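# Architecture and fold: a report
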There are 2 protein chains.
Amino acid sequence: MSSVKVGLLGLGTVGAGTVNLLERNNDEIARRAGRGIEIIAASTRHPERPRGCSTEGFRVTRDPFEIVDDPETEIIIELIGGYEPARELVLRAIDNGKHVVTANKALIAKHGNEIFEHARSKGVAVAFEAAVAGGIPIIKSIREGLTGNRIEWLAGIINGTANYILSEMFYAGREFGEVLAEAQRLGYAEADPTFDVEGVDAAHKLTILASIAFGIPLQYGNVHVEGIGHVTREDVAYAEQLGYRIKHLGIARQSEDGIELRVHPTLLPERQLLANVDGVMNAVMVMGDAVGPTLYYGAGAGAAPTASAVVADLVDVVRALNVDPEHRVPHLAFQSTALSDAPAMPMASVETAYYLRLEVADQPGVLADITRILGNSGISIEAILQKEPAPGADHVPVILLTHRVFERQMDEAQAQMEALDAVQGRVTRIRSEQLQ
Amino acid sequence: MSSVKVGLLGLGTVGAGTVNLLERNNDEIARRAGRGIEIIAASTRHPERPRGCSTEGFRVTRDPFEIVDDPETEIIIELIGGYEPARELVLRAIDNGKHVVTANKALIAKHGNEIFEHARSKGVAVAFEAAVAGGIPIIKSIREGLTGNRIEWLAGIINGTANYILSEMFYAGREFGEVLAEAQRLGYAEADPTFDVEGVDAAHKLTILASIAFGIPLQYGNVHVEGIGHVTREDVAYAEQLGYRIKHLGIARQSEDGIELRVHPTLLPERQLLANVDGVMNAVMVMGDAVGPTLYYGAGAGAAPTASAVVADLVDVVRALNVDPEHRVPHLAFQSTALSDAPAMPMASVETAYYLRLEVADQPGVLADITRILGNSGISIEAILQKEPAPGADHVPVILLTHRVFERQMDEAQAQMEALDAVQGRVTRIRSEQLQ
């Protein structure tokens, strides 16, 4: 059988990694797919620049639309990233009857509903394994491997940069800003790290995971997003003393009241596997009602791991080329006519435990005031850690772990605690999850 | 579209779990598959016995062949286990043009080549996700999620009973025999625990994993199998002092010299995720040349987790019902015409590090003799732990960790050490892996 002809949009790190992988493992891939896969054209804004792959076997152009309109290409790989022109290119490829493979989490999270609708009307596949957690086959595992389950929740470390920073803060006792600057020097973090450290990237990925887990439309706008910028070295150390690790998690949960979608720093018991995922690695824990907890771990970014997911999608699409569209795996795991309209829950109705750190005047009665406020709000305390004041300091940190409460209860209690004369500044508050 | 009609062979724990899961999550499953799935008949040797599921919706028979020959059934689920009559039933179902879903690791490991050949000739699918690691979608992940990779090695905790026993020995400091007896009382271990604790069950599963990872025919006969019966409480404790945990692993590795296939107790560095998989849980680490290390974790046995995998296979088969067989995912991940004939490597050529425990006379010069023998065999030592003799004992344990050597070097050195007058009895020897 002749090779499948592929057009590649974007020859950056992941694009070059994909070219290299298809070349290096050409034989293994064809032994699996039953057909060769051949890149016949690639686009880049800077054809003259040196890059990490050979471009000998295909033509290189500045114009991605030329590739999308080329009648020879059967599958388009979109690795440009961002919203535009990626969206326009993908829609045009679909219009031209081509299948699409993309690693673009922002595009799928924000425009996926439109893109999949369009793909259905044209009978083509849009595959996006590489959009979440790099090389980990998490989309496939949830979408095809757990189809017998009602998924109850999932929680994941889905941004490697944020996890690297928190790991360094834990192991080396360093401050956020210092580690971030180093990560930028080492190339782990982007020059503009906003997407990574403020949780936007994780929110894109969580949006996608939640849709395929629960059978709901993509709804990026409903994700509650907090970054890791306010987590201090002290909080990391106090959490450790209490037997916890702080991780930046994306969490999605479905209950009778609706769907929770949230990205925030989270305390996890140190024995949890997820608490032991360090450095730039990613991992996603998925709780199914039949299978129980499952976990998927691997590299969440980088040229070769992302290319691994791109090629897995390519092989899937190649296998399905001649398959009646209605027999393919649905884009969002559930049949498009069977998506649920479960509402997104406001954070006030979300239930978690809390880590609280208060800086209080070193005087009698303060702890009594704090515990009274918590008690009046129905919040019970699991652990208290009171530290000695630093030499010369007029205040002392008090750390509290609470049991699970609704966020609205904590909002109320926090306002009252901050109104106490003896409490200095804001209360630091980090959610805590047992993941059980 | 009408429901797909399924026949179920075996109404034991997993059979009842499958009936329950299809009933409970009927709606979620149909929303994903696009079609209902309906069990129309089930077989059991003891129809009169009470069981863990309702049998109201289908007919129950003593004769599994009646179900396999029923022209109404499109898919047969085989949950009888063992070699016969499972093999005969599966072959007959295939002859009758039916697709098969099975959880039977022994059957696939031993007769898979014959069964898949038969299935290809008849154009039907045989799915076996439930045969390895229960509910973890490990077959799918390797076979479809990592198709871009050359898989270098995989290592897994793939028998929950053995892992439960080793976990208890570690956390509670108890002896093997004591924990095993308790596991049997609790129902975690079979009345005849041979398959679990001697590694046969793990070897069945490793056989399957190695085939789909490397594209080789199933070759159960080539697996080197050691159980956990000789691991003592003391070895578990000494390993801990050296920073290691002892786990019962199935390991498969491909190199230029051939394929390693081995099941044995193994020391793992305590920071390894795999070293922290406790109790009855399973996990498999897979190293791909592009994706790097990935890990898959979950429940490896039990009614509901195994049913989760059975239903995932059912949904896959339902989706592929009208698909041209050549476009389906190949049974062993690689096209049947493209399997490799890489030879299985003899253990003498396998390279690992070692944990050694010798009981030696408490006299000068013994350690010098031991280190000389190791040195002469080209074995270098990473750590030595010498313990005080127990009160009244005339010998003392010496524990050594070596660097990686060929097993034949260690065989040679072991014989020489055991020939020393000062060394009492056999040398205890457990392989150690860094998994990097």
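Each residue is numbered by its place in its chain's sequence as written, counting from 1. Chain A is the first chain written and ligand 1 is the first ligand written, with later ones labelled in order. Residues qualify for local features only when their pLDDT is at least 70, as the model is predicted, and side-chain atom pairs are given and counted only at 80 or more; totals for whole chains, interfaces and linings, by contrast, use all residues.

### Concerning the overall build of chain A
- In this description a helix means any DSSP run of H or I spanning at least four residues, a strand means any run of E spanning at least two, and both kinds are numbered starting from the N terminus. A tally of helices and strands in chain A yields 14 helices and 17 strands.
- Based on the C-alpha atoms only, the size of chain A along its principal axes is roughly 80 × 45 × 35 Å.
- Think of it as a crowd count around each C-beta: if 20 or more other C-beta atoms lie within 10 Å the residue is buried, if 12 or fewer it is exposed, and in between it is partly exposed, with C-beta placed from the backbone throughout. Counting the 436 residues in chain A, one finds 55% classified as buried.
- Taking all contacts inside chain A whose residues are at least 6 apart in sequence as the whole, residues at least 24 apart take part in 75%. Residue pairs qualify as contacts under a 7 Å threshold applied to their C-beta atoms, which are placed from the backbone.

### Examining the nonpolar core
- Counting 302 residues, the largest nonpolar core has A:Leu154, A:Ile165, A:Leu209, B:Leu154, B:Ile165 and B:Leu209 as the members making the most contacts within it.
- In this structure, A:Ile165 is in contact with A:Phe176, A:Val179, A:Leu180, A:Ala183, A:Val197 and A:Ile228, ignoring residues within four places of it in sequence. In this description, a nonpolar core means buried residues of the types Ala, Val, Leu, Ile, Met, Phe, Trp, Tyr and Cys, linked to one another by C-beta atoms lying within 7 Å.

### Considerations on the domain arrangement of chain A
Residue and element names in this part refer to chain A.
- As annotated, the domain borders come from an automatic or database domain assignment. If you check the domain split of chain A, you get domain 1 (4-137 + 303-338), domain 2 (138-299) and domain 3 (347-432).
- Domain 1 and domain 2 are separated by 26 Å when their C-alpha centres are compared.
- Note on residue classes: Ala, Val, Leu, Ile, Met, Phe, Trp, Tyr, Cys and Pro are nonpolar, Asp, Glu, Lys and Arg are charged, and everything else, Gly too, is polar. Class assignment for the residues of the side of domain 1 that touches domain 2 results in 15 nonpolar, four polar and three charged.

### Looking at the interface of chain A and chain B
- Taken together, the contact between chain A and chain B spans 54 residues of the former and 53 residues of the latter.
- Elements with a minimum of two residues in the side of chain A that touches chain B: helix H2 (26-33), helix H6 (138-145), strand S12 (292-299) and helix H12 (303-319) of chain A.
- The element that contributes the greatest number of residues to the side of chain A that touches chain B is H12(A), accounting for nine residues.
- Two strands qualify as a pair provided DSSP detects at least 2 bridges between them. Pairing of S12(A) with strand S12 (residues 292-299) of chain B, which is carried by three bridges, proceeds in the antiparallel orientation. Across the sheet, the residue bridging to A:Tyr296 is B:Tyr296, located in S12(B).

### Let's talk about the pairing of strand S5 (residues 99-102) of chain A
Residues and elements named next belong to chain A.
- Residues His-99 and Val-101 line one face of S5 and the alternating positions Val-100 and Thr-102 line the opposite face, and both faces are buried.
- Note that strand S4 (residues 75-78) and S5 share four bridges and pair parallel. Of the residues in S5, the one forming a bridge with Ile-76 is Val-100.
- Following the chain from S4 across helix H4 (residues 86-95) to the adjacent parallel S5, one finds a crossover that is right-handed.
- Across two bridges, the pairing between S5 and strand S6 (residues 126-127) is parallel. Of the residues in S6, the one forming a bridge with Val-101 is Ala-127.
- The handedness rule is simple: strands pointing away from the viewer, and a clockwise path from the first strand over the helix to the second, make the crossover right-handed. One crossover worth recording links S5 to the parallel S6 by way of helix H5 (residues 105-122), and it is right-handed.

### Here we look at the relation of the copies chain A and chain B
- Copy-to-copy superposition: least squares on the C-alpha atoms, limited to residues that have pLDDT of at least 70 in both copies. Taken as rigid bodies, chain A and chain B are interconverted by a rotation of 180° and an axial shift of 0.0 Å, the fit giving an RMSD of 0.0 Å. Both copies of the chain, as the preceding transformation shows, are related through a two-fold rotation axis. For chain A, the minimum C-alpha distance to the rotation axis belongs to A:Tyr296 and amounts to 2.4 Å.
- Most of the interface of chain A is mirrored in chain B: 98% of its interface residues are interface residues there too.

### Remarks on the sheet that holds S6(A)
Residues and elements named next belong to chain A.
- Across the sheet, which stays open at both edges, the six strands sit in the order S3-S2-S1-S4-S5-S6 with parallel pairing between neighbours. Here the strands that pair on one side only, and so sit at the sheet edges, are strand S3 (59-61) and S6.
- Sheet analysis places strand S2 (residues 37-43) next to S3, joined by three bridges and oriented parallel. Pairing of Ala-42 across the sheet is with Val-60, part of S3.
- Its contacts with the sheet put H12 on strand S1 (4-9), S2, S4, S5 and S6, and the angle it makes with S5 is roughly 165°. Note on geometry: axes are C-alpha line fits, over the in-contact stretch for helices, and angles between N-to-C directions span 0 to 180 degrees.

### Let's talk about the packing of H2(A) against H12(A)
All names here are of chain A.
- Relative to each other, H2 and H12 sit at 35°, their axes nearing to 10 Å. Pair H2 / H12 crosses with right-handed handedness. Between H2 and H12, the residues in contact are Ile-29, Arg-32 and Ala-33 and Val-311, Val-315, Val-318 and Arg-319, respectively.
- Class assignment of the residues belonging to the contact of H2 with H12 gives a composition of five nonpolar, no polar and two charged. It is the rotation of the near helix from the far one that decides the hand of a crossing: anticlockwise by less than a right angle makes it left-handed, clockwise makes it right-handed.

### Things to note about unusual backbone geometry
- A cis amide bond links A:Glu84 with the next residue in sequence, A:Pro85, at an omega value of 5°.
- By secondary structure assignment, the location of A:Pro85 is in the loop between S4 and H4.
- Backbone geometry places B:Ala133, a non-glycine residue, at a positive phi of 60°.
- Looking at where B:Ala133 falls in the secondary structure, it is placed in the loop between strand S6 (126-127) and helix H6 (138-145).

### Re the packing of H6(A) against H6(B)
- Where H6(A) contacts H6(B), the two axes come as close as 10 Å, and the packing angle between them is 125°. Relative to H6(B), H6(A) is oriented oblique. The way H6(A) lies across H6(B) gives a crossing that is right-handed. Two secondary-structure elements touch here, H6(A) through A:Lys140, A:Ser141, A:Glu144 and A:Gly145 and H6(B) through B:Lys140, B:Ser141, B:Glu144 and B:Gly145.
- Classifying every residue of the contact of H6(A) with H6(B) by side-chain character gives no nonpolar, four polar and four charged. Oblique is the label for any angle not under 35 degrees, not over 145, and not in the 65 to 115 range, which are roughly parallel, roughly antiparallel and roughly perpendicular in turn.

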